[in-house]
Amino acid sequence: MKLCQRARASCGACCGLYNRHDLGRAAVRAELTRHTRVLARAPRTPEGFRDAARRLAEEAPPPLFPSIRVCQLVGFLDAEETRVGCLAHPKATGGVDLRACGVYDVDTCESFLCPSHAAIGEREAAIAEAATDFHLYGLVVTDGPWLRAVLDGLGAAAGRTVEPEELRGTQLPGALRRLLATKEELEPGSDGLFGAFRHGQRPPEPGSSPKEAILEALGADARSGNDVDGLERELFARFDACVAALRWARMGGK
Ligand code: SF4
Ligand code: SF4
């Protein structure tokens with residue numbers, strides 16, 4: 001299964017993309033655009049990329065967690081700004097590997113696999129890919145237990161497993177996107193935003209309903225300032241709307 005770079009979606013969470021005080025789509029896009037523009041002008045040499053990374057870091061927003069590294073070499077891979085990825089990778093530079101100019105060594109960048117690689121499968125990844133964008137994809141796929149809880153809950157409520165093919169030509173992707181975008185409502189620093197670095201997950205309380213299991217897995221800890229009651233109301237309403245869209249699609253509705 002491919003998770004980091006898929007045909008229509010990609011992730012940069014382990015490069016530190018979400019380690020920031022302002023997690024909004026506009027702020028994340030602005031930072032990725034800044035990286036991309038500066039690196040596009042940098043010489044494709046270790047000296048050129050190191051100097052660019054140093055200059056970018058000087059102007060970068062402060063990280064929320066200083067212990068989690070934020071790499072200045074992550075940016076947009078395409079002119080339309082739909083794909084996040086490593087601008088120092090040989091496929092992005094045209095041949096030379098400049099990843100050692102970032103915050104890790106090449107071996108670490110090459111070999112790191114976040115826990116989602118063991119937690120979710122191709123079906124879940126394909127559904128996430130179809131219902132997200134450059135900002136939401138990384139928030140969703142790095143929290144495998146949550147994504148699985150969402151899709152298991154929808155399948156249980158609508159009678160059978162959700163399949164990627166069901167997202168084509170219906171209103172389901174929009175409804176699922178709104179449900180998954182509950183991740184974007186979490187306060188910066190919440191447990192649910194750092195699945196790429198988290199190992200182990202508490203199983204849902206025995207007897208939890210599907211909606212309760214999704215809420216438990218969301219990572220909306222109160223100590224990060226989350227309005228847990230408000231998130232619960234919003235999450236449950238979006239879940240119900242998604243179940244309705246799924247049932248409608250299964251009846252042949254558009
Ligand atoms: S956080 Fe996981 S899915 Fe995202 S780029 Fe890193 S290894 Fe890949
Ligand atoms: S150099 Fe490594 S940490 Fe930096 S953007 Fe590339 S893959 Fe991510």
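Residues numbered from 1 in each chain as written. Chains lettered and ligands numbered in written order. Predicted model: local features only at pLDDT ≥ 70, side-chain atom pairs only at ≥ 80, totals over all residues. Heavy atoms only, no water.

**Some remarks on the overall build of the chain**
Cut-off, in case you're wondering: Elements are defined by DSSP. Helices are runs of H or I of four residues or more, strands are runs of E of two residues or more, and each kind is numbered from the N terminus. Based on C-alpha atoms, the radius of gyration is set beside the globule rule, defined as 2.2 Å times the residue count to the power 0.38. For every residue, the accessible area obtained with a 1.4 Å probe (protein chains only) is divided by the maximum for its type, and the residue is called buried under 20%, exposed over 50%, and partly exposed between those limits. The contact criterion used throughout is that any non-hydrogen atoms of two residues lie within 4.5 Å.
Per the secondary structure count, the chain includes 11 helices and two strands. Counting helices and strands in the order they occur from the N terminus, the chain gives α-α-β-β-α-α-α-α-α-α-α-α-α. A compact globule built from 254 residues should have a C-alpha radius of gyration of about 18 Å, and the chain, at 19 Å, falls within 12% of that. Put simply, the chain has 254 residues, and 48% of those count as buried. Relative to all contacts within the chain whose residues are 6 or more apart in sequence, the contacts with residues 24 or more apart total 73%.

**Brief notes about the pattern of salt bridges**
To keep it simple, the criterion reads: The working definition used for a salt bridge is a side-chain nitrogen of Lys or Arg within 4 Å of a carboxyl oxygen of Asp or Glu.
All chains considered together, the criterion is met by 22 salt bridges. Across the pair R123 and E124 runs a salt bridge, and its minimum N-O distance is 3.9 Å. Across the pair R223 and D191 runs a salt bridge, and its minimum N-O distance is 2.9 Å. Of the two residues, R223 sits in the loop between α10 (210-217) and α11 (228-250) while D191 sits in the loop between α9 (172-180) and α10, which places them 32 residues apart along the sequence. What you see here is one network of salt bridges that share partners, running through R25, D133, R177 and E184.

**Focus: the site of ligand 2**
Heads up, the condition is: Each residue is tested against the molecule or strand, and it is near if at least one of its non-hydrogen atoms lies within 4 Å. Only Asp, Glu, Lys and Arg are considered charged in this grouping, and only Ala, Val, Leu, Ile, Met, Phe, Trp, Tyr, Cys and Pro are considered nonpolar; every other residue, Gly among them, is considered polar.
The local shell around ligand 2 consists of C15, C71, L73, V74, C86, R99, Y104 and C109. Grouping the constituent residues of the shell around ligand 2 by class yields seven nonpolar, no polar and one charged.

**Considering helix α1 (residues 25-41)**
Here is the rule: Between the first and last residue of a helix there are one fewer steps than residues, each counted as 1.5 Å, and that sum is the expected span.
Between its terminal C-alpha atoms α1 stretches 25 Å, which fits the 24 Å expected from 17 residues at 1.5 Å a residue. If you check which residues of α1 are buried, you get A27, V28, E31, L32, T33, H35, V38 and L39. As for α1, its buried residues are in contact with α2 (46-59), β1 (74-76) and β2 (84-86).

**Observations regarding the packing of aromatic side chains**
Which entries qualify depends on this criterion: Each Phe, Tyr or Trp ring, with Trp reduced to its six-membered ring, pairs with another whose centre is within 6.5 Å; inter-plane angles below 30 degrees give stacked pairs, above 60 give edge-to-face pairs, and intermediate values give tilted ones. As a reminder, the over-ring test applies to NZ of lysine and CZ of arginine, requiring each to be within 6 Å of the ring centre and within 35 degrees of the ring normal.
Enumeration according to the criterion identifies two aromatic pairs in this entry. Centre to centre, the rings of F65 and F194 are 5.3 Å apart; their planes meet at 75°, and the pair counts as edge-to-face. Highlighted residues: F65 in the loop between α2 and β1 and F194 in the loop between α9 and α10, separated in sequence by 129 residues. By relative accessible area, F194 is classed as buried at 10%. Ring geometry for F76 and F134: centres 5.3 Å apart, planes at 70°, overall edge-to-face. With F76 in strand β1 and F134 in the loop between α6 (122-130) and α7 (136-141), this residue pair connects regions lying 58 residues apart in the sequence. Judged by its relative accessible area of 4%, F134 is buried. Positioned above the aromatic ring of W146, the side-chain terminus of K183 is 4.9 Å from the ring centre.

**Quick notes on the site of ligand 1**
The environment of ligand 1 is formed by L3, C4, C11, A13, C14, F112, C114, H117, T142 and A196. Counted by class, the shell around ligand 1 contains eight nonpolar, two polar and no charged residues.

**Topic: unusual backbone geometry**
Within the chain, E81 stands out as a residue other than glycine whose phi angle is a positive 60°. Residue position: E81 is located in the loop between β1 and β2.

**Some thoughts on the side chain of T93**
Quick note on the threshold: Whenever a nitrogen or oxygen atom comes within 3.5 Å of another N or O atom, the pair is scored as a polar contact, on the condition that within protein one atom can donate a hydrogen and the other can accept it, and that pairs from neighbouring residues in sequence are kept only if both atoms are in side chains.
Tracing the backbone through its elements, the reader meets T93 in helix α3 (residues 90-93). The buried category is assigned to T93, whose relative accessible area is 12%. Here G95 takes part through its backbone nitrogen, which lies 3.3 Å from a polar atom of the side chain of T93. Only 2.5 Å separates the side chain of T93 from the backbone oxygen of V96, close enough to count as a polar contact. Residues contacting T93, with those up to four places away along its chain left out, are R44, L87, A88 and L98.

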